[in-house]
Amino acid sequence: MDDLFVIPLWADLLAVGIGALQGALFAAQFRDRRLDWLGVAIIGIVVGFGGGLLRDLLLNVPLATLQTNWYVLVATGAALLGMLLERVLSRVNPLITVLDALTIGLFGAIGTTKALALGLPEVAAIFVGVLAAVGGSILRDLLLNLPIALMHVGSLYAVAAAAGSGTIAVLLAFDVDVFVAGAVGVAITFGVRMASVLFGWSLPEQ
Amino acid sequence: MDDLFVIPLWADLLAVGIGALQGALFAAQFRDRRLDWLGVAIIGIVVGFGGGLLRDLLLNVPLATLQTNWYVLVATGAALLGMLLERVLSRVNPLITVLDALTIGLFGAIGTTKALALGLPEVAAIFVGVLAAVGGSILRDLLLNLPIALMHVGSLYAVAAAAGSGTIAVLLAFDVDVFVAGAVGVAITFGVRMASVLFGWSLPEQ
Amino acid sequence: MDDLFVIPLWADLLAVGIGALQGALFAAQFRDRRLDWLGVAIIGIVVGFGGGLLRDLLLNVPLATLQTNWYVLVATGAALLGMLLERVLSRVNPLITVLDALTIGLFGAIGTTKALALGLPEVAAIFVGVLAAVGGSILRDLLLNLPIALMHVGSLYAVAAAAGSGTIAVLLAFDVDVFVAGAVGVAITFGVRMASVLFGWSLPEQ
């Protein structure tokens, strides 16, 4: 793996934008909670930023999110777009599910490859990838005072992230190109998550 | 802006002390929650420390709060003082509101100027300032299992912080002295927040 | 105190393992919450990792937890063991209480000594020790949407951690050997916490 590997800015911004969009879509549904516009925007920004912030905090590196103005601008714009879309679309849930699966895939792949590029061992890098993938959703639920979705029967959320991150770590150990490995990882996370929703896959209740 | 600009210790300690004082005043009201003395003191310390901790974590610099013993001592003392005051004063709510508005102003100004001094771009620095301003109150609500006040209609909390932080960034871009800019930022945040309370300003519900 | 003092890997892994074990034991009790296996494992890992993560974030050093694969493996294994044990044992509460008291003792001692070794002043180091001790339990309660146990009457949780961490700081100031000081600190934290449970010690309600 290339020592100088860096996440391309557009890929990271894409993940942040999609995260912020679906975060705002999600928050805008809770009409009974009396969130104001800013509250919805904040949830969008938190979902867009959460994964990357947790990743860089865990890795003890300067937060990518704060090195240029683009992240805050993209996240804010995407959150506002999500808020508008929620008013226009009649059925928003399927869209949230798809974008959310994409978000955990992208953040998991970026987190895992960045951790490996910084020299972390494989299992620790997968841990960082999983936390980067699910971090935004945990912060969202904490801020909205909802039960943490991730913890409960029927989500296959972290499992999907772990499957994708694990695959990336294995592929990179076999010298597969990092973009190929990343794309495969995103596809696996997305596939496991969507399949669990479509076919009702879940882990056994404890 | 002076490259060597640092927050004076007294300014940072003042913000921490006021934050801890109003945090303890706030927590001490919840008699039905069976908080013990320590619980009240912890909330005070969290409100006093939260903004600065989040700021320095985001900036990936050593936490100012831990470089001398003063922060822990001032926050603990102010929290205990707040606990006593709550028993003595008959109407504590207006005092909490005023001190709280001052806290978000001070933490926002310190966070924004510190971020700019470390070379962050303007929008990212405003983001750090806002999070430093509101971080203590978010952590407080999480620890007390309250709905996050910030998220709901009628607070104008983050708006006030963003107005102050944004003003500071603009003033510094025009080479205004950092203490003047900081004072103006604190005044704007304080003013917007107090006006929203006094005149019932709020953002439209989404 | 030796400038080159480092926490031995086995001591840190022991604390993580015991934390993860009791975290999973704790979470597995909530049958009505519909946690799946992964949810229980996550709580175990969070309790095992939480203290060390918060400690290293506060100290702005690379996270020990991520420098080798051992931490993730030990925490995951211990969490799974805890889940199995909960099904086998008829009365699991006393075991949780004992292991929990041991966890806060170990994390408090490791946090305090590491902070002092990095040159933090005494009061700040005690603060880091206390947060390292109680951090896992706070994160656990947040993720399970429970009232933060630490905040309420009758826990003597943070008091026990502070007593142990404070003792360690005093002993080290008198040049006591770090392992002796650490062991005394763990014993004091363990003793205060267990005594508060057995004899119903508590702080006065505010």
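Heads up: these notes are all about the structure in this document. (Residues numbered from 1 in each chain as written. Chains lettered and ligands numbered in written order. Predicted model: local features only at pLDDT ≥ 70, side-chain atom pairs only at ≥ 80, totals over all residues. Heavy atoms only, no water.)

**Brief notes about the relation of the copies chain B and chain A**
Heads up, the rule is: The atoms used to superpose the copies are C-alpha atoms, taken from residues with pLDDT of at least 70 in both, and the fit is least squares. Throughout, a residue-residue contact means that at least one pair of heavy atoms, one from each residue, lies within 4.5 Å.
Placing chain B over chain A gives an RMSD of 0.0 Å and needs a rotation angle of 120°, together with 0.0 Å of translation along the axis. Expressed as an axis order, the relation between the two copies is that of a three-fold axis. An asymmetric contact is evident, with only 12% of the interface residues of chain B recurring at the interface of chain A.

**Details of the relation of the copies chain A and chain C**
Least-squares fitting of chain A to chain C yields an RMSD of 0.0 Å, with the transformation described by 0.0 Å of translation along the axis and a rotation of 120°. A share of only 12% of the interface residues of chain A reappears at the interface of chain C, consistent with the copies meeting through non-equivalent patches.

**Thoughts on the interface of chain B and chain A**
Selection rule: Once two parts are joined, some of their accessible surface, as seen by a 1.4 Å probe, is lost; buried area is that loss totalled over both. Salt bridge criterion: a side-chain nitrogen from Lys or Arg within 4 Å of a carboxyl oxygen from Asp or Glu. Here a polar contact means two N or O atoms within 3.5 Å. Within protein one must be a hydrogen donor candidate and the other an acceptor candidate, and residues neighboring in sequence count only if both atoms are side-chain atoms. By the criteria applied, helices consist of DSSP H or I runs no shorter than four residues and strands consist of E runs no shorter than two, each listed in order from the N terminus. Gly falls in the polar group here, along with every residue not listed as nonpolar (Ala, Val, Leu, Ile, Met, Phe, Trp, Tyr, Cys, Pro) or charged (Asp, Glu, Lys, Arg).
Listed by partner, the interface residues are 26 residues for chain B and 32 residues for chain A. Together, the buried faces of chain B and chain A total about 2500 Å²; carbon and sulfur atoms form 64% of this surface. Run the count over chain B and chain A and you get zero salt bridges. At the junction of chain B with chain A, the criterion picks out four residue pairs in polar contact (both at pLDDT 80 or more). Where the side of chain B that touches chain A is concerned, the elements lending two or more residues are α2 (37-59), α5 (122-143) and α6 (157-173) of chain B. With seven residues, α5(B) is the single largest residue contributor to the side of chain B that touches chain A. Its residues placed into classes, the side of chain B that touches chain A shows 20 nonpolar, four polar and two charged.

**Quick look at the packing of aromatic side chains**
Spelled out, the test is: Two aromatic rings, drawn from Phe, Tyr or Trp (for Trp, its six-membered ring), form a pair once their centres lie within 6.5 Å of each other, and the interplanar angle then sorts them: stacked below 30 degrees, edge-to-face above 60, tilted otherwise. In our convention, an over-ring charge means Lys NZ or Arg CZ found within 6 Å of a ring centre and within 35 degrees of that ring's normal.
Under the definition given, this model contains three aromatic pairs over all chains. Centre to centre, the rings of A:Phe49 and B:Phe127 are 5.1 Å apart; their planes meet at 75°, and the pair counts as edge-to-face. A residue pair is termed interchain when its members come from two chains, as with A:Phe49 in helix α2 (residues 37-59) and B:Phe127 in helix α5. Across from the ring centre of B:Phe26, 3.9 Å away, lies the NZ or CZ of B:Arg140, which sits over that ring.

**Quick notes on the interface of chain A and chain C**
Each partner contributes residues to the interface: chain A has 26 residues there, and chain C has 32 residues. Between chain A and chain C lies a buried interface of about 2500 Å² when both sides are counted; carbon and sulfur atoms form 64% of it. At the boundary of chain A with chain C, the tally comes to zero salt bridges. At the level of secondary structure, the elements contributing two or more residues to the side of chain A that touches chain C comprise α2, α5 (122-143) and α6 (157-173) of chain A. Top element by residues in the side of chain A that touches chain C is α5(A). It accounts for seven residues. A class-by-class count of the residues in the side of chain A that touches chain C yields 20 nonpolar, four polar and two charged.

**Quick word on the side chain of A:Thr189**
Residue and element names in this part refer to chain A. To keep it simple, the criterion reads: The cut-offs for exposure are 20% and 50% of the maximum accessible area for each residue type, with area from a 1.4 Å probe on protein chains only; residues under the lower value are buried, those over the upper are exposed, and the others partly exposed.
Positionally, Thr189 belongs in helix α7 (residues 178-198). The exposure class of Thr189 is buried, given its relative accessible area of 3%. Those residues in contact with Thr189 that sit more than four places away from it in its chain are Ala101, Ile104, Gly105, Ala160, Ala161 and Gly164.

**So, helix α7 (residues 178-198) of chain C**
Residue and element names in this part refer to chain C. Put simply, the test is: Multiplying 1.5 Å by the residue count of a helix minus one yields the expected span of that helix.
Between the first and last C-alpha of α7 there are 30 Å, a value that for 21 residues agrees with the 30 Å anticipated at 1.5 Å per step. For α7, the complete set of buried residues consists of Val178, Ala181, Gly182, Gly185, Val186, Thr189, Val192, Arg193, Met194, Ala195 and Ser196. Lining the buried residues of α7 we find α4 (93-117) and α6 (157-173). You can read the cap of α7 off the contacts: a side-chain oxygen lies 2.9 Å from the backbone nitrogen of Phe179, and it is on Asp177. Residue Gly200 follows α7 closely and has a positive phi angle near 65°.

**Here we look at the packing of helix α1 (residues 9-28) of chain A against helix α3 (residues 70-88) of chain A**
Residues and elements named next belong to chain A. Formally: An axis is simply a line fitted to the C-alpha atoms; with a helix, the fit covers only the stretch in contact. Between two such axes, the angle follows the N-to-C directions and lies from 0 to 180 degrees. Two helices crossing with the near one rotated counterclockwise from the far one by less than a right angle form a left-handed crossing, whereas a clockwise rotation gives a right-handed crossing.
The geometry of α1 relative to α3 is characterised by a closest axis approach of 7 Å and an angle of 35° between their N-to-C directions. Once α1 is placed against α3, the crossing between them reads as right-handed. Here Leu9, Asp12, Leu13, Val16, Gly17, Ala20, Leu21, Ala24, Leu25 and Ala28 of α1 lie close against α3, whose contacting residues are Trp70, Tyr71, Val74, Ala75, Ala78, Ala79, Leu81, Gly82, Met83, Leu85 and Glu86. Split by residue class, the contact of α1 with α3 holds 17 nonpolar, two polar and two charged.

**Focus on the pattern of salt bridges**
Residues and elements named next belong to chain A. Tallied over the full model, the rule gives twelve salt bridges over all chains. Among the ionic pairs, Arg55 bridges to Asp56, the shortest N-O distance being 2.9 Å. Take Arg55 and Asp56: they sit in the same class, and that class is buried. Across the pair Arg140 and Asp141 runs a salt bridge whose closest N-O atoms are separated by 3.0 Å. Each member of the pair Arg140 and Asp141 is classed as buried. Each of Asp12, Arg55, Asp56 and Lys114 takes part in a single network of salt bridges with overlapping partners.

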